[in-house]
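# Architecture at a glance
The residues making up each chain are set out below.
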Amino acid sequence: MSRTKGDEEEYWNSSKFKAFTFDDEDDELSQLKESKRAVNSLRDFVDDDDDDDLERVSWSGEPVGRRTRLGSFQSLSDALSDTPAKSYAPELGRPKGEYKDYSNDWSISDTVRRLRKGKVCSLERFRSLQDKLQLLEEAVSVHDGNVITAVLIFLKRTLSKEILFRELELRQVALRHLIHFLKEIGDQKLLVDLFRFLDRTEELALSHYREHLNIQDPEKRKEFLKTCIGLPFSAEDSAHVQDHYTLLERQIIIEANDRHLELAGQTEIFRKHPRKASILNMPLVTTLFYSCFYHYTEAEGTFSSPVNLKKTFKIPDKQYVLTALAARAKLRAWHDVDALFTTKNWLGYTKKRAPIGFHRVVEILHKNSAPVQILQEYVNLVEDVDTKLNLATKFKCHDVVIDTCRDLKDRQQLLAYRSKVDKGSAEEEKIDAFLSSSQIRWKN
């Protein structure tokens, strides 16, 4: 919708708006990439360096499409200059008589210089198109985002759309500032008109897609997303928009069914663990965690089945295992944890396998207060000896430490560990039996 002059003034006075700077990279896909990360871009989750993020799945995810800011400035000037924050836009339309106006004596460069210093400055005397464009070019030349935006607000108010768009097409720096400003104040109508004029179809599609953030009703949001599916995105982004629609469609079905089950009070899992929030508009990983928590044993044919979600959204094994492990360990469903890592070969032999590494399994199990017997089983499966010893020592898996020292024939380390177990305990007796054994050829 279009914005009033008051809305534009709010841009300068509110810290919620982020300023454009010359260091910013063009981020035309930023809004859709938000959905990518939340819905189906799991590449970040499967790199080894990002393993720590993978297990941090809980029932408190951010809704799809919500922006996360690293911080905010008190004003645009805080972000862009060393001068104190000033509000330029309100001065553009200040009623005459409130201050003595010397602006008729100022040249274009004087005007821009005053704007940079945050001083009161009226731009109304620049009436001709030539003067307005010279003012804009002078603003661009000083590389001050605040000044450029102040001049653009003035031009937006005093020029027709057609002339403004035509002139900005020839001035790419100013054009980028205007696009950023319109995105920040949410003037979708003018932004769409601008992209249509520039024949930038992908940005046009993104601007249309972004409007889903303003739709609160889940059914209406779903129908709106459906209208986005055929828009001219790139092939990759089209797939993500489709996934966003499919995810919300499923969440609506799951939410309605689970709300009914919870209210009926006849399903044990919902009685023991009441839901903390609605599943609607949650990211894919949060939805998977929810499914593994409440619907783990459901048949693949149901929408709420974790396996169904995995196949539909092509979730990598590593992400699936981490999420399922976090959910089942939280419920202390140790049998499910065991089954998650047990594989069977064609001869019928079983073997434990962990695509995330057993050291990660141990950390997550310990975080969820797994019994020491279970911890020891998985610590023993860690292949690297040093890692195994460190984990066993850290989590007091005494038998693993003792047996590993024996296997390494490291008498000194075993002797040192003896002081860490309780006196008269079975572990101390075991250590003493090994130390006195004539069958072991110690290396030290």
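Residues numbered from 1 in each chain as written. Predicted model: local features only at pLDDT ≥ 70, side-chain atom pairs only at ≥ 80, totals over all residues. Heavy atoms only, no water.

Per an unreviewed UniProt entry, the chain is named Spermatogenesis-defective protein 39 homolog, and its organism is Rhinolophus ferrumequinum.

### Brief notes about the environment of A326
In this structure, A326 sits in helix α19 (residues 317-330). C-alpha separation for the pair A326 and V361, spaced 35 residues apart in sequence, amounts to 9.3 Å. (Helix = DSSP H or I, 4+ residues; strand = E, 2+ residues; numbered from the N terminus.)

### Quick word on the nonpolar core
Core analysis: the largest hydrophobic core is formed by 58 residues, its most contacted members being L325, F341, V361, L365, Y378 and L414. Residue contributions to this core peak at eight residues, all from α19. Split by domain, this core shows at least three residues from each of two domains, domain 2 (201-315) and domain 3 (397-443). If near-sequence neighbours (up to four positions away) are discounted, F341 is found in contact with V321, L325, K351, K352, R353, A354, F358, V361 and Y378. Of all hydrophobic cores here, the second largest spans 35 residues; its members include V147, I148, L178 and L191. (Core = buried A, V, L, I, M, F, W, Y, C linked by side-chain atoms within 4.5 Å. Buried < 20%, exposed > 50% of the residue type's maximum accessible area, 1.4 Å probe, protein only. Domains from an automatic or database assignment. Contact = heavy atoms within 4.5 Å.)

### Digging into helix α12 (residues 188-198)
In terms of burial, α12 is largely enclosed, as eight of its eleven residues are buried. Considered for burial, the residues of α12 that qualify are Q188, L190, L191, V192, D193, L194, F195 and L198. Of the residues trailing α12, D199 is marked for its positive phi of about 60°.

### A word on the packing of helix α9 (residues 145-158) against helix α11 (residues 172-185)
Contact geometry of α9 with α11 gives a least axis separation of 10 Å together with a crossing angle of 80°. Viewed along their axes, α9 and α11 adopt a mutual orientation that is roughly perpendicular. Residue-level inspection shows G145, I148, T149, L152, I153 and K156 of α9 in contact with α11, the latter providing V173, A174, H177, L178, F181 and L182. Among the residues forming the contact of α9 with α11, the class breakdown is eight nonpolar, three polar and one charged. (Axes fitted to C-alpha atoms, helices over the stretch in contact; angles between N-to-C directions. Parallel < 35°, antiparallel > 145°, perpendicular 65-115°, else oblique. Nonpolar A, V, L, I, M, F, W, Y, C, P; charged D, E, K, R; others polar.)

### Notes on a nonpolar patch on the surface
A cluster of nonpolar side chains, namely W346, L347 and Y349, defines an oily patch on the protein surface of about 480 Å² accessible area. Within the element layout of this structure, W346 appears in the loop between β1 (342-344) and β2 (350-352). (Patch = residues over 30% accessible without salt bridge, like charges linked within 9 Å, V, L, I, M, F, W, Y side chains within 5 Å. Areas by Shrake-Rupley, 256 points an atom, 1.4 Å probe, with all protein chains shown as cover. Salt bridge = Lys/Arg side-chain N within 4 Å of Asp/Glu carboxyl O.)

### A short note on the packing of helix α15 (residues 235-264) against helix α17 (residues 284-294)
At a closest axis distance of 12 Å, the pairing of α15 and α17 adopts a crossing angle of 30°. Of the two elements, α15 crosses α17, and the hand of that crossing is left-handed. Of the residues in α17, those touching α15 at L247, Q251, I254 and D258 are L284, T287 and Y290. (Left-handed = near helix turned anticlockwise from the far one by under 90°.)

### Brief notes about unusual backbone geometry
Positive phi is not limited to glycine here, since H143 has a value of about 55°. In this fold, H143 is placed in the loop between α8 (129-141) and α9. Assessed through its relative accessible area of 54%, H143 is described here as exposed. Of note, D199 is a non-glycine position whose phi angle comes to about 60°, a positive value. Relative to the helices and strands, D199 resides in the loop between α12 and α13 (201-210). The exposed category is assigned to D199, whose relative accessible area is 60%.

### Considerations on the pattern of salt bridges
Per the counting criterion, the structure on display carries 27 salt bridges. Note that R171 is salt-bridged to E137, the shortest N-O span being 2.8 Å. Here R171, found in the loop between α10 (161-169) and α11, pairs with E137, found in helix α8; they are 34 residues apart in sequence, far enough to count as distant. The class for R171 is buried, based on a relative accessible area of 17%. Residue E137 is classed as partly exposed on the basis of its relative accessible area, which comes to 41%. A salt bridge links D336 to R328; the nearest nitrogen and oxygen atoms lie 2.8 Å apart. Taking the relative accessible area as the measure of exposure, D336 reaches 18% and is therefore buried. By sharing partners, the salt bridges in this structure join E137, R166, E167 and R171 into a single network.

### With respect to the packing of aromatic side chains
Under the criterion given, the structure shown has nine aromatic pairs. Measuring from centroid to centroid gives 5.7 Å for F165 and F197, while their planes differ by 50°, and the two rings are tilted. Placement of F165 in helix α10 and of F197 in helix α12 is noted, with a sequence separation of 32 residues between them. Summarising the aromatic geometry, the rings of F341 and Y378 are spaced 5.9 Å apart at their centres and angled 65° between planes, so their arrangement reads as edge-to-face. Note that F341 is positioned in helix α20 (residues 334-341) and Y378 in helix α22 (residues 372-379), a separation of 37 residues in sequence. Assigned by exposure class, F341 and Y378 land together as buried. Pairwise contacts between aromatic rings join F270, F289, Y290, F293 and Y294 into one cluster. Across the ring face of Y320, the terminal group of K310 is positioned such that the distance to the ring centre comes to 5.9 Å. (Phe/Tyr/Trp six-rings, centres within 6.5 Å; stacked < 30°, edge-to-face > 60°. Lys NZ or Arg CZ within 6 Å of the ring centre and 35° of its normal.)

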